[in-house]
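This is what each chain is made of:
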Amino acid sequence: NQLRLPSWVMQSNDPGTWIAALQPWCDGEGGVVRSKSSTRPAFMIVQSKHTDIDASVLPREIIVAADRGIGKSVLKDLQTCGMRVTEYCSSFCRSEVLDNALILFKRLGLNPTQSIVRLHLKNDGFWSCLWAVRFGCDDSQRLLEMNLITQRRKVRAFKWLPDRI
(Lines give C-alpha, C1' and ligand atoms only; values in the text may rest on other atoms or scores of the structure.)
Protein backbone atom coordinates (compact mmCIF):
# COMPACT_ATOMS: atom_id res chain seq x y z
CA ASN A 1 0.00 0.00 0.00
CA GLN A 2 1.45 3.30 -1.11
CA LEU A 3 0.15 6.60 0.19
CA ARG A 4 0.31 9.32 -2.46
CA LEU A 5 -1.27 12.67 -3.11
CA PRO A 6 -4.22 12.37 -5.54
CA SER A 7 -3.23 12.32 -9.21
CA TRP A 8 -5.48 15.31 -9.99
CA VAL A 9 -3.44 17.37 -7.50
CA MET A 10 -0.14 16.23 -8.99
CA GLN A 11 -1.38 16.97 -12.54
CA SER A 12 -2.79 20.40 -11.66
CA ASN A 13 -1.10 23.59 -12.82
CA ASP A 14 -2.82 25.68 -10.14
CA PRO A 15 -0.58 26.85 -7.25
CA GLY A 16 -3.72 27.28 -5.11
CA THR A 17 -4.45 23.56 -5.51
CA TRP A 18 -0.87 22.67 -4.54
CA ILE A 19 -1.05 24.91 -1.46
CA ALA A 20 -4.40 23.40 -0.43
CA ALA A 21 -2.90 19.90 -0.73
CA LEU A 22 0.29 20.77 1.17
CA GLN A 23 -1.15 22.87 3.99
CA PRO A 24 -2.50 19.90 6.01
CA TRP A 25 0.92 18.24 5.79
CA CYS A 26 2.65 21.37 7.07
CA ASP A 27 0.26 21.79 9.97
CA GLY A 28 -0.16 18.08 10.69
CA GLU A 29 3.29 16.55 10.15
CA GLY A 30 5.56 19.58 10.24
CA GLY A 31 7.39 21.32 13.03
CA VAL A 32 9.45 24.41 13.70
CA VAL A 33 13.14 23.71 14.38
CA ARG A 34 16.01 25.88 15.52
CA SER A 35 19.63 25.24 14.72
CA LYS A 36 22.53 26.11 16.95
CA SER A 37 24.09 28.11 14.13
CA SER A 38 21.10 30.38 13.37
CA THR A 39 18.71 32.47 15.42
CA ARG A 40 16.11 32.13 12.67
CA PRO A 41 13.68 29.22 12.82
CA ALA A 42 13.32 26.66 10.06
CA PHE A 43 10.66 24.08 9.24
CA MET A 44 10.70 20.32 8.80
CA ILE A 45 8.09 17.73 7.81
CA VAL A 46 8.64 14.15 8.95
CA GLN A 47 7.01 10.95 7.67
CA SER A 48 7.63 7.32 8.56
CA LYS A 49 7.77 4.53 5.97
CA HIS A 50 7.65 0.87 6.94
CA THR A 51 10.46 -1.27 5.57
CA ASP A 52 10.93 -4.97 4.91
CA ILE A 53 14.12 -4.92 7.01
CA ASP A 54 13.66 -6.94 10.18
CA ALA A 55 15.61 -7.43 13.39
CA SER A 56 17.50 -10.39 11.90
CA VAL A 57 19.06 -8.09 9.28
CA LEU A 58 19.73 -5.17 11.62
CA PRO A 59 19.83 -6.72 15.09
CA ARG A 60 18.56 -4.99 18.22
CA GLU A 61 22.10 -4.85 19.59
CA ILE A 62 22.99 -1.94 17.30
CA ILE A 63 20.28 0.33 18.72
CA VAL A 64 21.96 3.39 20.18
CA ALA A 65 18.94 5.39 21.36
CA ALA A 66 16.45 4.83 24.15
CA ASP A 67 13.59 5.09 21.63
CA ARG A 68 14.75 1.95 19.77
CA GLY A 69 16.22 4.01 16.97
CA ILE A 70 19.36 4.09 14.88
CA GLY A 71 20.52 7.53 13.78
CA LYS A 72 21.81 8.44 10.34
CA SER A 73 25.42 8.60 11.54
CA VAL A 74 25.30 4.89 12.48
CA LEU A 75 23.23 3.87 9.45
CA LYS A 76 25.85 5.09 6.98
CA ASP A 77 28.12 2.23 8.05
CA LEU A 78 25.52 -0.58 8.02
CA GLN A 79 24.81 -2.85 5.07
CA THR A 80 21.92 -4.97 3.84
CA CYS A 81 21.51 -6.82 0.52
CA GLY A 82 25.03 -5.76 -0.52
CA MET A 83 24.44 -2.00 -0.14
CA ARG A 84 24.43 0.61 2.57
CA VAL A 85 21.17 0.70 4.53
CA THR A 86 20.63 4.35 3.59
CA GLU A 87 20.93 3.44 -0.11
CA TYR A 88 18.57 0.50 0.36
CA CYS A 89 15.96 2.70 2.05
CA SER A 90 16.37 5.40 -0.62
CA SER A 91 15.77 2.80 -3.32
CA PHE A 92 13.07 0.60 -1.79
CA CYS A 93 11.55 2.34 1.25
CA ARG A 94 10.78 5.86 0.17
CA SER A 95 7.80 7.80 1.47
CA GLU A 96 5.86 8.25 -1.76
CA VAL A 97 3.60 10.91 -0.28
CA LEU A 98 6.62 12.90 0.87
CA ASP A 99 8.12 12.52 -2.62
CA ASN A 100 4.86 13.95 -4.03
CA ALA A 101 4.89 16.81 -1.53
CA LEU A 102 8.52 17.59 -2.40
CA ILE A 103 7.57 17.93 -6.08
CA LEU A 104 4.79 20.39 -5.21
CA PHE A 105 7.00 22.43 -2.88
CA LYS A 106 9.54 22.76 -5.69
CA ARG A 107 6.80 23.83 -8.12
CA LEU A 108 6.00 26.60 -5.63
CA GLY A 109 9.59 27.82 -5.95
CA LEU A 110 10.86 26.38 -2.65
CA ASN A 111 14.06 24.36 -2.31
CA PRO A 112 13.60 21.83 0.48
CA THR A 113 15.87 18.83 0.95
CA GLN A 114 14.76 15.30 1.73
CA SER A 115 16.78 12.76 3.69
CA ILE A 116 16.61 9.81 6.03
CA VAL A 117 16.72 10.81 9.68
CA ARG A 118 16.80 7.41 11.38
CA LEU A 119 15.41 3.90 11.54
CA HIS A 120 13.07 2.90 14.35
CA LEU A 121 12.41 -0.70 15.46
CA LYS A 122 8.67 -1.35 15.60
CA ASN A 123 6.99 -3.83 17.94
CA ASP A 124 6.51 -6.33 15.09
CA GLY A 125 10.30 -6.66 14.67
CA PHE A 126 10.54 -4.64 11.45
CA TRP A 127 12.29 -1.32 11.03
CA SER A 128 10.54 1.89 10.03
CA CYS A 129 12.46 4.55 8.10
CA LEU A 130 11.92 8.13 9.22
CA TRP A 131 12.15 10.63 6.35
CA ALA A 132 12.39 14.40 6.69
CA VAL A 133 11.81 17.28 4.30
CA ARG A 134 13.78 20.27 5.57
CA PHE A 135 13.33 23.90 4.60
CA GLY A 136 15.97 26.58 5.02
CA CYS A 137 15.15 29.69 7.04
CA ASP A 138 14.13 31.78 4.01
CA ASP A 139 11.92 29.03 2.55
CA SER A 140 10.41 28.46 5.98
CA GLN A 141 9.39 32.11 6.10
CA ARG A 142 7.87 31.76 2.64
CA LEU A 143 5.78 28.81 3.92
CA LEU A 144 4.22 31.26 6.39
CA GLU A 145 3.66 33.91 3.72
CA MET A 146 1.91 31.36 1.46
CA ASN A 147 -0.31 30.26 4.38
CA LEU A 148 1.07 26.74 4.26
CA ILE A 149 1.63 26.96 8.01
CA THR A 150 -1.51 28.14 9.78
CA GLN A 151 -1.52 26.33 13.12
CA ARG A 152 -1.23 29.05 15.78
CA ARG A 153 1.39 27.28 17.86
CA LYS A 154 3.65 26.88 14.83
CA VAL A 155 3.10 30.44 13.59
CA ARG A 156 3.94 31.78 17.07
CA ALA A 157 7.13 29.71 17.13
CA PHE A 158 8.31 31.65 14.08
CA LYS A 159 7.64 35.00 15.69
CA TRP A 160 9.24 34.27 19.07
CA LEU A 161 13.03 34.31 18.96
CA PRO A 162 15.13 33.78 22.07
CA ASP A 163 17.88 36.26 22.91
CA ARG A 164 21.27 35.05 21.73
CA ILE A 165 23.68 37.12 23.76
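Residues numbered from 1 in each chain as written. Predicted model: local features only at pLDDT ≥ 70, side-chain atom pairs only at ≥ 80, totals over all residues. Heavy atoms only, no water.

### A word on the environment of Pro15
Here is step 1 of the chain: When you line up the elements, Pro15 lands in helix α2 (residues 15-29).
Here is step 2 of the chain: For the pair formed by Pro15 and Phe105, sequence separation is 90 residues and the distance between their alpha carbons is 9.8 Å. (Helix = DSSP H or I, 4+ residues; strand = E, 2+ residues; numbered from the N terminus.)

### Looking at the pairing of strand β2 (residues 41-54)
Here is step 1 of the chain: Note: strand β1 (residues 30-34) against β2, five bridges, orientation antiparallel. Directly across from Arg34, in β2, lies its bridge partner Pro41.
Here is step 2 of the chain: Taking the residues between adjacent antiparallel strands as the criterion, β1 and β2 are bridged by six residues.
Here is step 3 of the chain: Relative to strand β7 (residues 126-135), β2 runs antiparallel, the two being bridged by nine bridges. Along β7, the bridge assignment pairs Val46 with Ala132. (Pairing = 2+ DSSP bridges.)

### Re the packing of aromatic side chains
Here is step 1 of the chain: Throughout the structure, instances matching the rule amount to four aromatic pairs.
Here is step 2 of the chain: Put simply, the rings of Phe43, Phe105, Phe135 and Phe158 touch in pairs and so form one group of aromatic residues. (Phe/Tyr/Trp six-rings, centres within 6.5 Å; stacked < 30°, edge-to-face > 60°.)

### Here's the deal with the side chain of Asn100
Here is step 1 of the chain: Structurally, Asn100 can be placed in helix α5 (residues 96-107).
Here is step 2 of the chain: Taking relative accessible area as the criterion, Asn100 reaches 9% and is therefore assigned buried. (Buried < 20%, exposed > 50% of the residue type's maximum accessible area, 1.4 Å probe, protein only.)

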